[in-house]
Amino acid sequence: MASNRIGRINEEIQRELSALIRTVKDPRVKGLISITAVDTTPDLKYAKVSISAMVQSEQEKKDMLKALRSASGFIRHALGQEVILRAIPELTFVFDDSIAYSVHISSLLREIATEEKKGGEEES
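Residues numbered from 1 in each chain as written. Predicted model: local features only at pLDDT ≥ 70, side-chain atom pairs only at ≥ 80, totals over all residues. Heavy atoms only, no water.

Let's talk about the overall build of the chain
Here's step 1: When helices and strands are counted, the chain shows four helices and three strands.
Here's step 2: In the chain, the order of α-helices and β-strands from amino to carboxyl end is α-β-β-α-α-β-α.
Here's step 3: Computed over the C-alpha atoms, the radius of gyration of the chain is 19 Å, more than 25% above the 14 Å expected from 2.2 N^0.38 for a compact globule of 124 residues.
Here's step 4: Its C-alpha atoms give the chain principal-axis dimensions of about 70 × 40 × 20 Å.
Here's step 5: Going through the 124 residues of the chain one by one, you find that 31% of them count as buried.
Here's step 6: Surface exposure of the chain reaches about 8,600 Å², of which carbon and sulfur atoms provide 54%. (Helix = DSSP H or I, 4+ residues; strand = E, 2+ residues; numbered from the N terminus. Rg over C-alpha atoms; globule rule 2.2 N^0.38 Å. Buried < 20%, exposed > 50% of the residue type's maximum accessible area, 1.4 Å probe, protein only. Areas by Shrake-Rupley, 256 points an atom, 1.4 Å probe, with all protein chains shown as cover.)

Quick look at the nonpolar core
Here's step 1: Among the nonpolar cores identified, the biggest contains 29 residues, and Leu 17, Ile 51, Ile 75 and Phe 93 are the most heavily contacted of them.
Here's step 2: Contributing elements (two or more residues each) for this core: α1 (2-21), β1 (33-40), β2 (46-53), α2 (58-70), α3 (72-82) and β3 (90-95).
Here's step 3: Considering each element in turn, this core owes the most residues, six residues, to α1.
Here's step 4: In contact with Ile 51, other than residues within four places in its own chain, are Ile 33, Ser 34, Ile 35, Thr 36, Met 64, Leu 65, Leu 68, Phe 93, Val 94, Phe 95 and Asp 96. (Core = buried A, V, L, I, M, F, W, Y, C linked by side-chain atoms within 4.5 Å. Contact = heavy atoms within 4.5 Å.)

Digging into the environment of Val 83
Here's step 1: Tracing the sequence through the fold places Val 83 in the loop between α3 and β3.
Here's step 2: The spacing of Val 83 and Ala 100 is 17 residues in sequence and 31 Å in space, taken between C-alpha atoms.
Here's step 3: Here Val 83 is in contact with Glu 12, Glu 16 and Ile 88, once residues within four sequence places are set aside.

Thoughts on α3
Here's step 1: Those residues of α3 that sit buried are Ser 72, Ile 75, Ala 78 and Leu 79. Buried residues of α3, seen end-on, are gathered within an arc of 130° and therefore sit on one face of the element. Turned more than 90 degrees from where α3 packs its buried face, His 77 and Gln 81 sit exposed. (Arc of directions from axis to C-beta.)

Topic: the confidence of the model for the chain
Here's step 1: Counting all residues, the mean pLDDT for the chain is 86, and 94% of those residues have values of 70 or more.
Here's step 2: Here helix α4 (residues 98-123) is the element of the chain with the lowest mean pLDDT, 82, and β3 is the one with the highest, 93. (pLDDT = per-residue confidence, 0-100.)

Some details on the pairing of β1
Here's step 1: One ladder, built from seven bridges, connects β1 with β2; its direction is antiparallel. Looking at the pairing, Thr 40 lines up with Ala 47 of β2.
Here's step 2: Taking the residues between adjacent antiparallel strands as the criterion, β1 and β2 are bridged by five residues, where Leu 44 takes a positive phi near 60°. (Pairing = 2+ DSSP bridges.)

Quick notes on the environment of Glu 16
Here's step 1: For Glu 16, the location among the structural elements is in helix α1.
Here's step 2: A C-alpha to C-alpha distance of 45 Å links Glu 16 and Glu 115, two positions 99 residues apart in sequence.
Here's step 3: Those residues in contact with Glu 16 that sit more than four places away from it in its chain are Leu 79, Glu 82 and Val 83.

Listed below in structure tokens is the structure:
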């Protein structure tokens, strides 16, 4: 029963953070940023926030994480005004590469399909 509660809290925090990230005025936080997951500890003291963004380089990714870490106090305070919890968890931001990885795998599968299609045409 407690895991269901944590799951609902994670979803609520994810929903609110998606809106709050857009209010951060740091120029390093730019572009399309998605909150892919929130994992809160059972005591609600810490939350690991996985983000995904379209960035061109590793340096931009590092800069974005640094900016979010420095703005975590502001984000946590704003989150406390939107979500009613006894304690607002301390936020830790990590970059999630799963979307970029899935795009890469999809392109590889498309490549294989076109090669098989070409091979089938050559045999005919």
